[in-house]
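# Structural characterization, general
Each chain is listed here by its residues.
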There are 2 protein chains.
Amino acid sequence: MSKIGTNSLRVDANSKVRGKTQYVDDIFIRNMLHAKILRSSIAHGRVKHIDTSKALKLPGVELILTYEDVPKHTFPTAGHPYALDASHRDVSDRNILTGHIRYWGDEIAAVAAVDEHTAEKALALIEVEYEEYIPILQAEAALQKDAVEIHEGTGNIIGCHEYNSGEMEQALASADFIFEQEYNTSIVQHCAMENHSAFAYIVSNDRIIIYSSTQIPHICRRIVGQALGLPWGRIRVVKPYIGGGFGSKQDVVVEPLAAILSLKLQGRPVKVELSREETFIATRTRHAIKSLLKSGVTSEGLFTARSGSIISTNGAYASHGHSIAGKCGDTFCVQYTQRAIHFDAVTVYTNLPTAGAMRAYGGPQMLFAMECHMDDLAKKLGLDGIEFRLRNLPEPGFTNELAGITDYSNGLRECAAKGKQLIGWDEKKARYFGQTGSMRRGLGTAFFHYPAGTYPHGQELASARIIVNQDGSVQLQVGATEIGQGSDTVFAQMAAETIGIPLNNVHIISEQDTDVTPFDTGSYASRQSYVSGMAVKKAALEVKAKLLERCCIMTNLPIHSLDTADGWVVFKHNQEKLLPIADVALDSYYNLKTAAPITADISHNTRITTISYGCTFVEVEVDILTGKVAIIELYNIHDSGKIINHILAQGQVHGGVSMGLGYALYEQLLFDTKSGKPLNNNLLDYKLMTATDTPEIEALFVETFDPTAPYGNKPLGEPPAIGPAPAIRNAILDATGVHINELPLTPQRLFEKFVQSGLIRMEARENV
Amino acid sequence: MSKIGTNSLRVDANSKVRGKTQYVDDIFIRNMLHAKILRSSIAHGRVKHIDTSKALKLPGVELILTYEDVPKHTFPTAGHPYALDASHRDVSDRNILTGHIRYWGDEIAAVAAVDEHTAEKALALIEVEYEEYIPILQAEAALQKDAVEIHEGTGNIIGCHEYNSGEMEQALASADFIFEQEYNTSIVQHCAMENHSAFAYIVSNDRIIIYSSTQIPHICRRIVGQALGLPWGRIRVVKPYIGGGFGSKQDVVVEPLAAILSLKLQGRPVKVELSREETFIATRTRHAIKSLLKSGVTSEGLFTARSGSIISTNGAYASHGHSIAGKCGDTFCVQYTQRAIHFDAVTVYTNLPTAGAMRAYGGPQMLFAMECHMDDLAKKLGLDGIEFRLRNLPEPGFTNELAGITDYSNGLRECAAKGKQLIGWDEKKARYFGQTGSMRRGLGTAFFHYPAGTYPHGQELASARIIVNQDGSVQLQVGATEIGQGSDTVFAQMAAETIGIPLNNVHIISEQDTDVTPFDTGSYASRQSYVSGMAVKKAALEVKAKLLERCCIMTNLPIHSLDTADGWVVFKHNQEKLLPIADVALDSYYNLKTAAPITADISHNTRITTISYGCTFVEVEVDILTGKVAIIELYNIHDSGKIINHILAQGQVHGGVSMGLGYALYEQLLFDTKSGKPLNNNLLDYKLMTATDTPEIEALFVETFDPTAPYGNKPLGEPPAIGPAPAIRNAILDATGVHINELPLTPQRLFEKFVQSGLIRMEARENV
């Protein structure tokens, strides 16, 4: 029976439910010190003078490092594969600590003390004198000619690029309508359950051991090496269980500090654990992006020209830098067809917390703009939004040169048809037409696509190792990281399927340890089941072949006659059981003449990618007098290829849609517009949705089979987060006729827009 | 510069000196319970009734298991490779707990409590009623026809065998002299610094994790599986740093109990840590062996016939059982030549602590007998002891059919010549001839040989894995276990030598974890540098080949022109530096087209063994009036093939000789002759030598090159422990003319023998 396409229980379900999985903070090392970071109380400026003498006298303080004590060279923090070509490497623009303050909360000094409380008390005793500059909080301000450079020599630009294809002027001229509109998204934070945390210590030979809540242990190893100026082989990073990352832990944030503190303390363990307040501002956020879209359309509803210009507000340090704007460009170009296209983007330093990777990497911003734009256009054209989209979708099998990707399987049209039917699109559209009153219903949709991994822009290397145990079970070791998404379960299913053994005979090692774990760049870009899955399949095939070869020697049967199934070597022609795999395994260990334990240790360099598709369909009820939006029905329909595990797939969609709903309706990290001080960097004031705020989410799948994938599967981790915001915005437009072009869609913003558009006045009158 | 034959510092020197290496007891798991074992207060009998009700009421007691609660099937404990042939498996004769008491201290019940103190208090509250039998403390008593069977159906015999070659009667008839003598060795204990300790817990899916101070993690995994009746793949054994084993931790003693306690407590961590008093009696001891040797010799001093009959006192459970007596047979047969040979052995159950493997596995017993016998014969023949031995040594290059081994390198004659010269044999022999007075000097020697590993009697499988890091350093993972002997350093040297990188660029993983560590049966039989070294070399050669292949692709140079040296790819003909290995490594990770990290994951099935040789030369001064023996000079000269690391080799010899000196002069585990209760199972009453008791030990090497070995090397771990006891006994004989045929050579025993032989009376008269 196939292990693919099941509802298999998570391999870690039991241990997670019973609270037995260990996270960084569950791991205790004797004599561990706790470090706390002295953060700037200004957003822009320089430290003129720092005095740690009083703090150093506090009993229990073991070490204070300031920006004067750390290596002077810069290093990057983004979790991308390293590049042999220096021009393709991430921007290297920060030190471990800094005297040049670039955002409110920048890291000036660190205290290592016997406990957290003492470290915090010591922070309060450090005296800092600043030279203050006016904070640059808007991208536009940063781009002004006379703007102070946040990083010298950059003009406050981290990156910019432009892409043109086709004859733009001609294409615009051939349009019947030209429409231009600006859309804005907000700064949000990942809010993984587990804050950033790491500890470092040294046992021998100055090799630094780091336990970290990271998505990218092997990359973290490299970056710590770069930050400290040490050979990478001297760093060892261990990733235990992780309480979520969502891209925030695809950056190396706390590890270099923990490492340098331990190094300066003769290897004593030092832990750097951020508070929730620090995680909000001192890790990563999602870029606020302003998109100016301009489209030419024929009266038949076909694009002649599409143009997008985006400005991405990156904050204080580059992190993933311009890559996200680059991904926006790919996303913009691939989503629909046209005769001519233009895209330009600039990513800008500001005195705000650093933005980085966050679930769907540019998708939530670019497709908020594009999918709102689609409904704005459809409305202008008098076309149904679905119909308008369908007319402009690229043909299945297309190749997009800019993104460097080819479509090998495409279920988007079927997703759209399914969503339309499930939500009762035509029937409800007719029913709600011309509605009045303060409670109004509306329908909205948004289409999305998402390719796996970073290829062709970066390396996609994955490795896996399998060891067959004496009882016919196997150890499966992957460099890809389980961070809560369920990848360990899916990899175990893949190995069980290909080797031909029961799922519970696959023992997957969930901990990654760069000393012993096969190399993989980690968990990001929805790459794991597609890219790392390739490695698992390759290793499993090797193991199966070795099992059958040994069985041939044991039985003298020819290899072509044999197969495996559910823990047995079977005859291929009739599946008759021949020999338990355990017997073959035992022979591989204990045959006095030929013993050689069966293992596979392989890597796979994936030089292709695949595209997931899907759409969100939503029905909302808008309370016009209060601006409150209720989600009545929500369907997320995904073409993620063959679904490996339905229950986990649904979980991914539920989580991603929930994140998308928060992005749509509630979440925004706010700053004092003068000082740049964060206003709501805590879970009381930052309005994260709770379970009771969350509507029923229907997760559905149109299963295609991607021939390039290990098991026909395609990405699913990130795409669910894309659709809700534009779909809800479009449903509000449908319900009220009001275009709201920025996120989040809070009651206050809706109320203001309803007043501005005259809707509230009119309503109020009617109700009098 | 070669990395072989150096004085390289131990890879763990720094961390050990600084107290940073973690042993089982240094590792803390939250909520860990402590288990204590209820041990019998009789040596032979049955539990008629056990009442745990009072103990269960003690606050803090979480679980009490008695012999009634454990699986009823038996399991073996010896650390041997498993055998496909059931008749070659270790004797399976024990349960985790027992109601059938077989020695004083047998394990009846276990208490798991919140701390050790509570567990101990609970033990005192358990009420046990025994049915007592008369303890059988002597092998002869156990072999009597009407003896109670300690294990039903065995006749108290664990194993016996006999070997005959040549025409014995004819050979005896052709002898000029026939001499027969009995020799006895005593029960001693390993006294590793670290007592036996293990803890077990479960995180998920009922897979049991065990941290253990074990020499044999992979075998431990199998035995815990057998003991609990679980598939072996469900067990995970982790070996951190180990504070010595010497064979005592080549048995699985505490792990099954820790595992079953945790299993019954829903996976809660449970630790079983033995006290020193328990380690003495409840782990393993060295077999006391009685050897009856009979030899026919010609007047030219050549053996015509040799016959050996041994009785090995094994104690309560089989453990390694008859294997040690089997090894005695091999040792006896290989040591000298003759026309006809007979050997028979029986291993016997008694109501004493269980004997098992201990440094040199039968060698210290068999060669005590044989080498004392050599001097007894030489004395009778009026021959010099060295000359007599040299006349009877097998010719270099011999094959011994019984032991199934061939000699490929043999430096024994050179060792003997060196020792003879160093100690000034002829000159001192002449000087001391006819000495009188109460302080008398004497010279003694003993020759020894020791083959590596268990082949041809068992599997010798080893595996190694190497991963090349981005900086050109490597991770080296071996299943072979560092237990203090320095094997990690030697393996690192081997890898550095073969790959062609600096030693500090080899990062060896010292922890073995059966989930991720390549398979190896572990540390015993002086096998590691010979057997596991083969695997390290094989993996290193594969890595070197892959590095050169990639360099060829990078440079277009033909592979035959390239070599590696000290971290560089060099031209083979002139060693000119071409490219840092780090550059090749970086390309292997990040070449967009061809990336494939360089790794090797191999196993090696060694179907051969090699023989180490050596001899001990000692000069003693005997105080006849007190029976005290002072070591004046001691030389241990070893042919252990090519020495990989001189300073570590000397350390092995110092440690082994020290153990041999304790065995010779002081150590003996004593029991009440009626009750079988141990009398000195603690470090106050058991006379282990301290540093101040230890004389200067001169460790010297005659370096041969063994062609079958990975680097010409041969075993060294165990052989140093063999020579001291017979050499000292022979030196006492030389000094006093008194034959002392049993160990240890304590003042009391010497005094009694001197009185018995009239030496003391005579002396006293002279002194009056």
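A short tour of the structure in this document, coming up. Model, not experiment: these values are computed from the prediction.

## Regarding the overall build of chain A
Summing up its helical and strand segments, chain A has 20 helices and 29 strands in all. Projected onto its principal axes, the C-alpha positions of chain A cover 90 × 75 × 50 Å. Buried positions account for 66% of the 768 residues belonging to chain A. Contacts spanning at least 24 positions in sequence make up 80% of the contacts within chain A whose residues lie at least 6 apart. Approximately 26,300 Å² of chain A is accessible, and the part contributed by carbon and sulfur atoms is 52%.

## Things to note about the sheet that holds strand E28 (residues 628-639) of chain A
Strand pairs in the sheet, formed through backbone hydrogen bonds, run parallel or antiparallel to each other. All names here are of chain A. Pairing is mixed in the open sheet, where 4 strands are placed in the order E18-E27-E28-E29. Lying at the two open borders of the sheet, with one neighbouring strand each, are strand E18 (439-451) and strand E29 (698-701). Sheet twist, expressed as the mean angle between neighbouring strand axes with direction ignored, is 15 degrees. Set on the sheet, helix H12 (residues 412-423) makes contact with E18, strand E27 (611-623), E28 and E29; between it and E27 the angle comes to about 20 degrees.

## Things to note about the relation of the copies chain A and chain B
Between the two copies of the chain lies a relationship made up of a rotation around an axis and a movement along it. The transformation that overlays chain A on chain B combines an axial shift of 0.0 Å with a rotation of 180 degrees, and the residual RMSD is 0.1 Å. Taken together, these values place the two copies in the relation of a two-fold axis. Across chain A, the rotation axis passes nearest the C-alpha of Asp601 of chain A, at a separation of 3.3 Å. Same-surface contact between copies: 100% of interface residues of chain A are shared with the interface of chain B.

## Remarks on unusual backbone geometry
All names here are of chain B. Between Tyr455 and Pro456 the backbone carries a cis peptide bond, its omega angle lying at 10 degrees. As for its placement among the helices and strands, Pro456 is situated in the loop between strand E18 (439-451) and strand E19 (461-468). Omega for the peptide link from Leu743 to Pro744 comes to -10 degrees, which places this bond in the cis form. Within the fold, Pro744 resides in the loop between helix H18 (724-736) and helix H19 (747-756). At Gln266, a residue that is not glycine, the phi angle is positive and equals roughly 55 degrees. As for its placement among the helices and strands, Gln266 is situated in the loop between helix H7 (255-264) and strand E12 (270-273). Here the phi dihedral of Gln575 falls at roughly 65 degrees; this positive angle occurs in a residue that is not glycine. Here Gln575 lies in the loop between strand E24 (568-571) and strand E25 (577-580).

## Focus: the nonpolar core
Residues Phe388, Val620, Ile728, Ile732 and Phe754 of chain A are the most contacted members of the largest nonpolar core, which totals 108 residues. With 10 residues, the single largest contributor to this core is helix H10 (residues 363-381) of chain A. Residues within four places of Ile728 of chain A in sequence aside, it is in contact with Val618, Val620, Val629, Ile631, Leu661, Ala664, Leu665 and Leu745 of chain A. Among the nonpolar cores identified, the runner-up in size contains 106 residues, and Cys191, Ala288, Phe303 and Ala727 of chain B belong to it.

## Here's the deal with the packing of helix H17 (residues 646-665) of chain A against helix H18 (residues 724-736) of chain A
All names here are of chain A. As a packed pair, H17 and H18 sit with axes 8 Å apart at the nearest point and diverge in direction by 50 degrees. Judged on the interaxial angle alone, H18 and H17 are oblique. H18 is crossed by H17, and the crossing has right-handed handedness. Where H17 approaches H18, its residues Val657, Gly660, Leu661, Tyr663, Ala664 and Leu665 are matched on the opposing element by Pro724, Ala725 and Ile728. A class-by-class count of the residues in the contact of H17 with H18 yields 8 nonpolar, 1 polar and no charged.

## Comments concerning the packing of aromatic side chains
A complete count under the given rule lists 27 aromatic pairs over all chains for this structure. Summarising the aromatic geometry, the rings of Tyr82 of chain A and Trp232 of chain A are spaced 5.1 Å apart at their centres and angled 80 degrees between planes, so their arrangement reads as edge-to-face. With Tyr82 of chain A in the loop between strand E3 (61-66) and strand E4 (100-101) and Trp232 of chain A in the loop between helix H6 (217-228) and strand E11 (235-239), this pair connects stretches of sequence that are 150 residues apart. There is no split in this pair, since Tyr82 of chain A and Trp232 of chain A are both buried. Ring geometry for Phe519 of chain A versus Tyr589 of chain B: centroids 4.7 Å apart, planes at 75 degrees, classification edge-to-face. Of this pair, Phe519 of chain A sits in the loop between strand E22 (512-513) and helix H15 (528-555) while Tyr589 of chain B is found in helix H16 (residues 581-590), placing the two residues in two different chains. For the pair shown, Phe519 of chain A and Tyr589 of chain B are each scored as buried. The cationic tip of Arg306 of chain B hangs over the ring face of Phe303 of chain B; the distance from NZ or CZ to the ring centre is 5.6 Å. For Arg527 of chain B, the ring lying beneath its charged end belongs to Tyr524 of chain B, and the centroid distance is 5.2 Å.

## Structural notes on the sheet that holds strand E20 (residues 474-478) of chain B
All names here are of chain B. As summarised here, the arrangement of the 4 strands in space is E21-E20-E19-E26, forming an open sheet in which the pairing is mixed. At either end of the open sheet lies a strand with only one pairing partner, and these are strand E21 (506-509) and strand E26 (599-605). Strand-to-strand, the axes of this sheet are offset by a mean angle of 20 degrees, without reference to chain direction.

## Let's talk about helix H15 (residues 528-555) of chain B
Residues separated by three or four positions in an α-helix point in the same direction, a consequence of the helix having 3.6 residues per turn. When the terminal C-alpha atoms of H15 of chain B are compared, their 38 Å separation across 28 residues agrees well with the 40 Å that a helix rising 1.5 Å per residue should span. Positive backbone phi, approximately 65 degrees, marks Asn556 of chain B, located one or two places after H15 of chain B.

## Regarding the pairing of E18 of chain A
All names here are of chain A. With 11 of 13 residues buried, E18 is to be regarded as a mostly interior element. Inspection of the sheet shows E18 paired to E27 by 13 bridges, in the antiparallel sense. By the bridge assignment, Met439 is partnered in E27 with Asp623.

## Re the environment of Pro394 of chain A
Residues and elements named next belong to chain A. Here Pro394 shows up in the loop between helix H11 (385-392) and strand E16 (399-400). Exposure remark for Pro394: the relative accessible area of 8% places this residue in the buried category. Linking Pro394 and Pro217, residues 177 residues apart in sequence, is a C-alpha distance of 38 Å. Not counting residues up to four positions away in its chain, the partners in contact with Pro394 are Val334, Gln335, Tyr336, Thr337 and Arg413.

## Notes on the pairing of strand E11 (residues 235-239) of chain B
All names here are of chain B. A large share of E11 lies buried, amounting to 5 of its 5 residues. Here E11 shows two buried faces, one formed by Ile235, Val237 and Lys239 and the other by Arg236 and Val238. Where strand E10 (residues 208-212) lies against E11, 4 bridges are found, and the strand directions are parallel. In the strand pairing of E11, Ile208 is matched with Ile235. Taking the sense of rotation as the criterion, the β-α-β connection linking E10, helix H6 (residues 217-228) and E11 turns out right-handed. As judged from the 2 bridges shared by E11 and strand E22 (residues 512-513), these two strands associate in the antiparallel manner.

## Side note on the packing of H10 of chain A against H18 of chain A
All names here are of chain A. Running from amino to carboxyl end, H10 crosses H18 at an angle of 25 degrees, the nearest separation of the two axes being 8 Å. Considered as vectors, H10 and H18 are oriented roughly parallel to each other. Crossing of H10 over H18 shows right-handed handedness. For the pair formed by H10 and H18, the contact residues are Leu367, Phe368, Glu371, Cys372, Asp375, Asp376 and Lys379 on the first element and Ala725, Pro726, Arg729, Asn730 and Leu733 on the second. Partitioned by chemical class, the residues of the contact of H10 with H18 number 6 nonpolar, 1 polar and 5 charged.

Each value, and the rule that gives it
Residues numbered from 1 in each chain as written. Chains lettered and ligands numbered in written order. Predicted model: local features only at pLDDT ≥ 70, side-chain atom pairs only at ≥ 80, totals over all residues. Heavy atoms only, no water. Helix = DSSP H or I, 4+ residues; strand = E, 2+ residues; numbered from the N terminus. Buried < 20%, exposed > 50% of the residue type's maximum accessible area, 1.4 Å probe, protein only. Contact = heavy atoms within 4.5 Å. Areas by Shrake-Rupley, 256 points an atom, 1.4 Å probe, with all protein chains shown as cover. Pairing = 2+ DSSP bridges. Axes fitted to C-alpha atoms, helices over the stretch in contact; angles between N-to-C directions. Least-squares fit on C-alpha atoms with pLDDT ≥ 70 in both. Core = buried A, V, L, I, M, F, W, Y, C linked by side-chain atoms within 4.5 Å. Parallel < 35°, antiparallel > 145°, perpendicular 65-115°, else oblique. Left-handed = near helix turned anticlockwise from the far one by under 90°. Nonpolar A, V, L, I, M, F, W, Y, C, P; charged D, E, K, R; others polar. Phe/Tyr/Trp six-rings, centres within 6.5 Å; stacked < 30°, edge-to-face > 60°. Lys NZ or Arg CZ within 6 Å of the ring centre and 35° of its normal. Expected span 1.5 Å × (residues − 1). Right-handed = clockwise from strand over helix to strand, strands pointing away.

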